[in-house]
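So the chains spell out like this:
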Amino acid sequence: MQKARTILLFILVLSVGPSAMAQLNWSEAFNKFKMEVRADGEYTTTDTAARPNLGFHGKYFNIMVGGDLGGHFSYYYKQRIVADPGTVTFFDNTDFLYLDYKPTDNWRLRFGKDAMALGGFEYDASPIDVYFPTNMWRNIYCFQLAFSGAYTTNDGNHTFVAQVSNSPYINYGGLNYDAGLVSYNLYWAGNIGHWHTLWSTSMVEYKWNSYLNMTMIGNKLVYDKWDLYIDIMHHALAINDWGKNFGVVSCANYYFTDRFNIFVKGMYEQNKSGENLGSSVALDHQLAAGHTSARYGLGVEYFPSEQKNVRLHIYGCRMTDSYTDALGTPQTVESWNVNIGATWTMDYYKMFKK
């Protein structure tokens, strides 16, 4: 244990510098260190496949580190371990790596790798906690280098964020970080009794001086035994494009105990926009143009211990994807997915504190 602590302190010294370490104690500079893992077994079959897909795979492996640096500064780092060398920047495979400056309880400035400030409760959840997500959730390059300012009301119930980030179209187009494409995001997180909100609107630059609007409206009702959210996602690709490209996703949980719950989830998405970039690159990469997609299913989660360091889950869902092929013939692909898996969290900071 002492050897591990020494190694971690050495890494921290390299990160924040010797002079800063001299003014900080262990609990201030290093108050979060977790590792979390999720592994799933899946069975997926479609009406067009000769045989089903069946097997086990590692889903997520995350490392999280955070702490205070003194002088109203703090940091947070979350690395998702993936077999991908990265294509755009050094921080491609890092979800979060940012520096916070919080001069008062109301104001916060942040710079670094961050999630784009978009609304919606499915989007807001940690990826390791999301089951059979929307196409928008799966396809958006949401973790970008960004600068943001946030204001939180005195009662802590409302936070307003203004953020400028790299545009995800840098990733879609295989461009370098200096391509000059940005996204301007406005965001509101509210807590009004049982009603919680995550709303945003964004102007996302897809080519120099050309933008699409992305509006995300998330509403959630929270009670002791149950909760329910409904997210509405709308993309306007041109002035005359309103109402053609949108999605709706909803999920309800019922908590039999604090260690066992059942959930029901459903979604519908469509992209009936004819806009595109050039001859082949779709303007909106969340769902292919001309497609509609629907998913619905249910599942359960169970925590074997009171510490909730281990979570077991099982769910089943039905999926359909409809489109018109090159010959003008309507096509529909239907599939089933059954998933069983486990998530486990190792909170090393708590271990060290003990």
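Refer to the structure printed above.
Definitions and cut-offs
- Residues numbered from 1 in each chain as written.
- Predicted model: local features only at pLDDT ≥ 70, side-chain atom pairs only at ≥ 80, totals over all residues.
- Heavy atoms only, no water.
- Helix = DSSP H or I, 4+ residues; strand = E, 2+ residues; numbered from the N terminus.
- Buried < 20%, exposed > 50% of the residue type's maximum accessible area, 1.4 Å probe, protein only.
- Contact = heavy atoms within 4.5 Å.
- Areas by Shrake-Rupley, 256 points an atom, 1.4 Å probe, with all protein chains shown as cover.
- Polar contact = N/O pair within 3.5 Å; in protein donor to acceptor, adjacent residues only side chain to side chain.

**Q** Quick question: what am I supposed to make of the overall build of the chain here?
**A** In terms of regular secondary structure, the chain is built from seven helices and 18 strands. Burial statistics for the chain: of 354 residues in total, 42% are counted as buried. For the chain, long-range pairs separated by at least 24 residues make up 54% of all intrachain contacts whose partners lie at least 6 apart in sequence. Entry remark: accessible area of the chain is about 18,700 Å², with carbon and sulfur atoms responsible for 60%.

**Q** Before we go on, may I ask you to explain the environment of arginine 295 in this structure?
**A** Relative to the helices and strands, arginine 295 resides in strand E16 (residues 291-302). Take arginine 295: its relative accessible area is 12%, and that puts it in the buried class. As a C-alpha pair, arginine 295 and phenylalanine 132 span 163 residues in sequence and 7.9 Å in three-dimensional space. Those residues in contact with arginine 295 that sit more than four places away from it in its chain are Phe132, Pro133, Asn135, Arg138, Lys265, Gly266, Met267, Arg318 and Met319. Of the polar contacts made by the side chain of arginine 295, one reaches the backbone oxygen of proline 133; its length is 3.2 Å.

**Q** What should I look at first to understand the environment of glutamine 270 in this one?
**A** Counting through the fold element by element, glutamine 270 comes out in strand E13 (residues 260-271). Judged by its relative accessible area of 9%, glutamine 270 is buried. A C-alpha to C-alpha distance of 9.7 Å links glutamine 270 and aspartate 321, two positions 51 residues apart in sequence. A polar contact is formed between the side chain of glutamine 270 and the side chain of tyrosine 268, at a distance of 3.0 Å.

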